[in-house]
Each structure stands twice: as structure tokens, then as C-alpha cells.
Amino acid sequence: MAGNDWVNSYLEAILDVCGQGISDAKKKSSLLLRERGHFSPTRYFVEEVITGFDESDLHRSWVRAAATKSPQERNTRLENMCWRIWNLARKKKQLEGEEAQRNAKRRLEHERGRREATADMSEDLSEWEKADLPSDVQTHGDSIKGTMPRISSADVMENWAIQQKDKKCYIVLISLHGLLRGENMELGRDSDTGGQVKYVVELARALGNMPGVYRVDLLTRQVAAPDVDWSYAEPTEMLNPRNAEDSMKELGESSGSYIIRIPFGPEDKYIPKELLWPHIPEFVDGALSHIIQMSKVLGEQIGGGQPVWPVAIHGHYADAGGSAALLSGALNVPMLFTGHSLGRNKLEQLLKQGRTRQEIEEQWRLYEGFDPVLERKLRARIKRGVSCHGRFMPRMVVIPPGMEFHHIVPHDGDVDGNPEKFDNNPSSPDPPIWSEIMNFFSNPRKPMILALARPDPKKNLTTLVKAFGECRPLRELANLTLIMGNRDDIDEMSGTNAAVLLSILKLIDKYDLYGLVAYPKHHRQSEVPDIYRLAAKTKGVFINPAFIEPFGLTLIEAAAHGLPIVATKNGGPVDIHRVLDNGLLVDPHDQQCIADALLKLVSDKQLWTRCRQNGLKNIRLFSWPEHCKTYLSRIAICKPRQPQWQRSDVGLGNSGSDSPGDSLRDIQDLSLNLKFSLDGEKNEGMDIEENSSDQKSSLESAVSKLTKGAVDGVEKTGSAEKADQNSVGNRFPALKRRRYIFVIAVDCDTTSDFLETTKIVMEITGKDGSGGFILSTSLSISDIHSAMALAKINPSDFDAFICNSGSELYYPSSSSEASELPFELDLEYQSHIEYRWGGEGLRKTLVRWAASVNEKNVDEGKIVEDKSGSTTYCYSFKVKDSALLPPVKELQKLMRIQALRCHVIYCQNGTKLNVIPVVASRAQALRYLYVRWGMELSNAVVFVGECGDTDYEGLLGGVHKTVILKGIGTNASKLHTSRSYPLEHVISYDSPNIVQSEAYTEEDIKASLGKLGIIKG
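Residues numbered from 1 in each chain as written. Predicted model: local features only at pLDDT ≥ 70, side-chain atom pairs only at ≥ 80, totals over all residues. Heavy atoms only, no water.

Peer 1: Give a detailed account of the nonpolar core, specifying residues and quantitative values.
Peer 2: Ranked by internal contacts, the top residues of the largest apolar core, which has 90 residues, are Ile174, Ile774 and Leu929. At nine residues, the largest contribution of residues to this core is made by helix H12 (residues 280–302). The residues contacting Leu929, other than those within four sequence positions of it, are Leu735, Ile774, Ala800, Leu809, Tyr811, Gly934 and Met935. Judged by nonpolar contacts, the second largest core, of 38 residues, contains Met484, Met493, Val541 and Ala597. (Core = buried A, V, L, I, M, F, W, Y, C linked by side-chain atoms within 4.5 Å. Buried < 20%, exposed > 50% of the residue type's maximum accessible area, 1.4 Å probe, protein only. Helix = DSSP H or I, 4+ residues; strand = E, 2+ residues; numbered from the N terminus. Contact = heavy atoms within 4.5 Å.)

Peer 1: Go over the pairing of strand S21 (residues 912–916) with me, naming the residues and quoting the values.
Peer 2: Of all five residues in S21, five are buried, a share of seventy percent or more. The alternating pattern of S21 places Lys912, Asn914 and Ile916 on one face and Leu913 and Val915 on the opposite face, and all of these are buried. Across four bridges, strand S19 (residues 875–879) lies against S21 in antiparallel orientation. Paired with Tyr875 across the bridge in S21 is Val915. Strand direction decides the pairing type here: strand S20 (residues 903–907) and S21, joined by five bridges, are antiparallel. Among the inter-strand pairings, Val904 is bridged to a residue of S21, identified as Val915. Turn length for the S20-S21 hairpin, with the two strands adjacent in sequence and antiparallel, is four residues, and the turn residue Gln908 shows positive phi of about 50°. (Pairing = 2+ DSSP bridges.)

Peer 1: Tell me about unusual backbone geometry, residues and numbers included.
Peer 2: Its identity is not glycine, yet Asp581 carries a phi of approximately 50°, on the positive side. Relative to the assigned elements, Asp581 resides in the loop between helix H25 (573–580) and strand S12 (583–586). Taking the relative accessible area as the measure of exposure, Asp581 reaches 42% and is therefore partly exposed. Residues other than glycine seldom take positive phi values, yet Arg836 does so here, at roughly 60°. With respect to the helices and strands, Arg836 occurs in the loop between helix H36 (827–833) and helix H37 (839–856).

Peer 1: Tell me about the sheet that holds strand S3 (residues 236–239), residues and numbers included.
Peer 2: Overall, mixed pairing links the six strands, which are arranged S3-S4-S2-S1-S5-S6 in an open sheet. The open sheet has two edge strands, S3 and strand S6 (335–338), and neither has a second partner. In this sheet, adjacent strand axes meet at a mean angle of 20° when their direction is disregarded. Judged from the four bridges that link them, strand S1 (residues 169–174) and strand S5 (residues 312–316) form a sheet pairing that is parallel. Bridge assignment links Ile171 to a residue of S5, and that residue is Ala312. The strands touched by H12 within the sheet are S1, strand S2 (213–221), strand S4 (256–262) and S5, with S2 carrying the most contacts at an inclination of about 160°. (Axes fitted to C-alpha atoms, helices over the stretch in contact; angles between N-to-C directions.)

Written as C-alpha cells, this is what we have:
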């Protein structure tokens, strides 16, 4: 050790450099020191290698070591110090290198993003986007705080209530899966009956209690299964306000909040949400019937005789979102959607759990719709100030969920954290659930860690038990309570829930956690507040370790009872924690991180008290009135839409005289209504294209022809009875009087097969004269006329013609002018489907797309615009080779990236491409006839082929009856090769409303109609 005398000088040099400051040491180079004659190898090494280390007690350690009397011990100590400094310096250099690599990578990503954003920003705007108002842009990205201040006092809420007093809104909420009822909700019964069920029920209840809201309907599935309570089979359930004293509005005859249960799917079976998809069209038809009836009832009560349509239809989760989209399109009213579960976040968590993309795709097939390029494009357009009026972009807003405070009993001890104050109140005995939980513990006075979730793998309860079991200090300081729903027998639970519960029980046994963990079998929903209070009384902590938590209602409830929280950092808890600041966020995959956070809160009493007080101080920001005010304010931003004809007649309630005079008045009212709508469009905030003036002129011209035709038809007819048969105005109500409506929607391989099938169906079903006929096809009206003339079919034998894949609706006319086709266009339907239609901008984009495809495939064929077959709301393209067409989803995604919404349909065996408005389809046209003219959908019989156009699926489901003619349209199967799921997953072939005919002969069709009870024998 005698040769280690350099150590002391080395340490002196280090101390000298530190005394001058790190920044000064970095500025001096070794070369300058050499030139000044002060170069020291030790100092050089210190400056170049060691500078910047962090050793706060270095000087004290050096003084102590230097004062050691034994030279050997002194040198050993000093040498150890040098090695310690060297290791610190090496680690620091390593960390600096890693940070430099991250910064370089970040700079590259930022530069790439900047280039991509620049490319997105440079993209030309459509005329729709240029016409957008700047005031609309704020609704995309502004924070809620900036645009909608929170309610800070009761006075503010009262003033807002006064402003909304005269409004009487009707709101429809939809939540299909799970078991919904107003009281004693069975939360945790299964994976479908969880936080979403509670949220939608409480939302409906709270909205119904808000000023300006007259009625709220929460639509769900009616379940009459023997294994569930009878209350779920009740058609209607009124949701009473939690506290009648808090009601801020006057009640009316039909006002308030209601759960409306619509029967669809298997009648006597409760099925999970994954199996509901084939039955959604049936729900849509049933919900449509309820909304129309309720709109008429409300119209009589508060609408002055005019129907009161919903101001919004709000779907919750994907199944209800699809239903809300169809209802919104059928009724032409605004739609809202809450996902409750984001696929992208779920995908990230599944990958973190070790799943491969192939496994995820094979099991769920859910994530092909997420496109990072599409997301980036939309974000770029939002930043550049393009609102969603025109090229459609969704307006998204985060509204914190609300909760009820009526059941929370304030205690003086809640604020100062003194649990002893609970024990000094002999007038309030302990709730029974307390003793049930305490019986599990050997020391019940220890702080309680509370988790409340069903035993689902996504809730990550096994990781929580592992973290608790492997952390000895945590086990010594706290108990663990797991409220995992209700169970009678583990063997009777679902497979995944039973597996999780068994895993937890095995972990309890593995770590010998008996006396430390409580897991009661039963609890009532009304006892949940008592469980929170027990945890708060013991100065415990609430934890939500889920892999991803969309909302986090339990976190809000826990905070309201004075419990600090430990929550996942994925999803809604991040926003909740930002507002409440009452706990810690953790990585749900990091077991040690969970244990450390829990230990920190239960061991640090000052931190626990601060988190408790923060939660209690800020929790009122999550009240239901606050949530509903923000919610209703967002609805007010939506452009009000409703069926346009409601101004001119009473719709389905108009069942008066069928005289020619009434018919004439109907047509004149139609004309006046349409002119008023056209003239007032701009003032009402409707979207208008650059060629709107031309469209207006053409529509008014068409209306004039329609009116003139009706007048001439009445004047030329000597008999009122004959006029009724030929007048356009009186053929519409005939749809309501038909015993059956036969819809021929067969997509045949050839025109001759199409005509032959039409003749057979008409021959079989038209003998008694009580049935009506509708032709539903991708052909244009001129093609239909030519085909009928060829087959000698009289157009007047039909009640309606759904043309161009559902973008146009015609009725037969008595016009005798040679230059005109014997059809009348339904202008109201045109107005009905024009929402978000891209117009000329969409057409130009499609033309550019077709040109790019043709350039890449010069020898294979061409995709050319069919100008003669195109109309205002249908852009048609002729396709020489169907192999050139990408999958329908890919083309729709391409248009979506350009912020253009449309419905793409490949038809006529891939030789034609129709692009129509997103709310239009052949199936939706049938619903329009029901809404507009009262055509009973349950009396409709739809004839389809074995396969058909790419809109084929939409024609099969619903309350109408369907006859599938085997052997027809088989060549169209090539259009569906890109479908990634079996048709059985979306179509209920075992439904009694669907029958399959062995062939399309007269005998087979008769047999099929006999099975449906349409004809006898």
C-alpha cells in the first residue's frame, strides 16, 4: 500500500475541481492547462472522466480518512473512496450516453413527424372545409376548463337552471349488454354487468332531473331468462330521483327517466355481449318503433301536436354505438358515442402481457380498424383549424364521470383523519358487512387495502395479491380486502372468472396470507358505501390495479369516502388523479411498484392525511349536476337535426281522408315545406356545397313538377275513386295499409335472372291484392324502367323503388308525358340522407383514386366514372376488372383519411362501384319508409339471393322476414373474400324470421313463405 500515496493528491484534485464548480471545470481544456504550465495528469483525468459526479459526503469522508493514524488503513480508505467515485462516474457516463441516444431518437421522430405534419398541412382543403366557421374549431381540442367552467356554487347552478327552464328535451341513451335496473344492481355478476351499467343508469337518472330535459329513455335488452331476476323482463322501469328535494324542474305526464327494455335476440336466454351482434338490427327496429311512438306522445303533451324527436341518441360501447348510428341515420337526429373501452389501449396492454399480434388477431379480430396514419391525419387537420362541418371529423371531449353523494354520511373525523371519532357514536351501530369482513383478519385494527372489482383477468387482482404476499413490511402493516362480486359456487362461475378466483385462493395459500386477506362471498350494492367507510376508518387505501381503466368510478367513490388511492396509470385514473391529487399512479405490470406505492401510503401518515384531505376537498367537481351540465352543453353544440317533414304534417298520425283534395293539399304542403327548408338552410346552419344554388333550383323545379303532376292528376280524373289509385300523394299512405310488403332485393348475376325472379315473386304473392311490392336494387331508375319495359312489368304494380344502392327513393307516377319517366322522386329522402355528404369534393377524390389505380394497372383494365349512372347522391364507376378493386374497408379507409365519409358498395358482380352518403343504404331506406309513411317493418318480406352486393348483410337482419333464394347471386361471393369473419357472427340464421329456399322456383318460394306463415298450403 506504500505505492498508493497518489490517492491523496488525486482526491485533493477532485475536491479542488468541485470547489471551482462543475461548469468552470468543463470550460477549461487540458490543452490550455498545459500551455499555462499547470498541466497535471491527475487533474486532467478528473476533468475529463470524473467531473460531475455526485458524492455529497465526499469531503467529510476524505477528512476522516486522511486523519487516520495508520498509513495502511488510511491508504485503504482513500483507495476505496477512489473506486467508489470511479464507479459513480462510470455509471453517470453510461446514463448520459443512454440519454443522448434517447434524445437523438426523439429528435429523429420529431423531425419525421414534422415532415409528415407538413405534408398533411399542405394538403388542399375541400370547399366544405374552407367554408367552416372558425368558431367551430374550438370544440375539437380545447380543454373543458377553458370552454366550460365548472360549477363553483349552488348559485351558479341555480342561475343555469333558470336559463334552461323553458327547454323540454328528449334524450335517448342506449346500453345493450349486461343486466340493467334502477335499484340493487348486480354489479360484478358477470363481465357485462360492471361499471358501465352503473354509469348509464345513474346518468339517465341525473339527466332526467336536470332543467331543460323533459324525458330520458335508457334503451336496453329485455331479458326473460329463468336464471335472472324477473325485473329484467319488465318492459318499462321508472328511475326515481335519489333525492326528491334536489329536483330542479317540474314534472309532466311522461317526464322523467325510464329504462325501456326492447325484446331482441333469444327470448329465454341471457347471452354475453359478444353474441348480441347478430341481433342488433332487430333491436334497432324495435327501438325505432318505441322512439316514434314516444315522439308522438310527447308531441301531444309538449310539442303542440308535432312530434318531439330526440335531441340526441347516445350509444354506450361498440354494440350500442352501431345501433345508435343506424337509429341516427333513420331518424336524422344527432348521435353521441362513448366507447367505454379503447381498442388501442387494450392492444398495448395485451402486448405487454406477452400476447403476440397473431394470437390477439385470432382470438378477437378487433384491432384492424385502428390506423395510426388515419389518427395522425385527423390530428393534423384539427391543428390547422378545420372543423367537423364539411369533411367529417369526430368531435371528442372528455367529461369526468359523475357520482351520487346522497348516501355519503359526512363525519367530522373525515377531515382530520381521526378514526377514533367513529367509535364514540353509540347511536350508529356497525353495519353487518363490517363484522363479516373483520372476521377474516387476525388483527382487524390494521389499515385496510381495499380492492373492489370482479375476478376478471383485466382487473389484475392476481398481481395485487402477489405484490401484497411478497412484501413483508406491507403484510406487517396492513390487511387486504378483495370485494370480487357475488358468488355461490365457484364451479357455477364463468370459466375466466373462476380461473382468476382460484388463482387468488392458491396465492393466499402459497404466501400463507390467512388472517391477512378478506374475500367475502356476498355483498349488496347498498353495502358498498359501508365498505368504503370501513377502509377509511382503519386509515386504509383503495387500489385499482387494472391493466386499463376506462373511467374509474370506484376511484371517485373511494375519494368521496376519504380514501387515498393507488391506481393504474392507464386510462381514466390519470384524469381523476390530475383533479383530485389524492394518491399515487402505478404501472399495473410492475408488481414491486404496486407494493411500494401501497407501503408508502399506509406508512407515511402525513402523506395519507394530505391525500385524504385533497380528495374530500375536490370531490364535488365530480357531482352529477356538474357532469350533466357539461354533457348538455356539448349536446347544444351539435347542429339540431330532425325529420324535415314534421313541419308539414303529423307523419304517422295522419290517417285522415284519402280524397283527391287531401292528396293535393299534402303535395302542396310538401312543396311549401321543401321551399321553406331550402330558403332557410343557410340560416339554420346547414352545410351547403359550392353548387348548392344549382341543387336548390333543380329541387324546386322537381317540386313544381311534383305539384303540377298531382294537380293535373286530380283535374283529369273524373272519379275521386280512380284518382286515389293513381295519385302520387295517395300511394304513399298505401304502404301503411298493406297487409304485407314484399321487397325484392335480389342481386342476380344477370338482368334476365333478376326479371325472372321478380315475376315469380309477384305471381306468387300478388294474387289476393293485399300485398305491396318494393324493388330494392343497385340499378338506376332509368335502368329499372328499361328492364321493366323489356319484361312488360307495369311500374304502377310497385309501391316504391329503392335505387342506386339506397341513395334514391322513387314512387310510381301517373305522368303521361313521353319525355318523363313514370316515377316521382322522394325529395324528402334526399334531404334525409345528405348529412355529411362530401359532394363534389368527394367525387374529385374518387376520380383521382380511379386514375391512380388505372396508372398502376395499365394492362389489366380500367375504372372509369359512369357519369350517366351517377346522381347527386350517388357517384358510380364502371369496373372492367373487379380484381382492381381493393377491399371495401380499404377504400372507405382511404376516403376516411381524406376526412370524407361515405358508404362504398361494390355491386353487379364487381362491374360497378356505387359511392353514396354514409347514412344511406337499402336497409335504411326501408326504415325511412317506416318512419315517414308508417310501413310496418314486421309485415315486410325481403327476398335476397344466396349472396349479393357488399351491402348484402344489412338486408338480412331486423324484425322483417327474409327469404334467401339459394342459387342466386353466387358469383357475387368474390366481392366478400376480404371479410375477416364468418357471416354467422353478424347474421342470426337460426332466427324464425329467416328461411332459406332450396332454389328460386315457384314451389320452393311458396314453401318458404309457408314457413313464415305468409301463405297457406
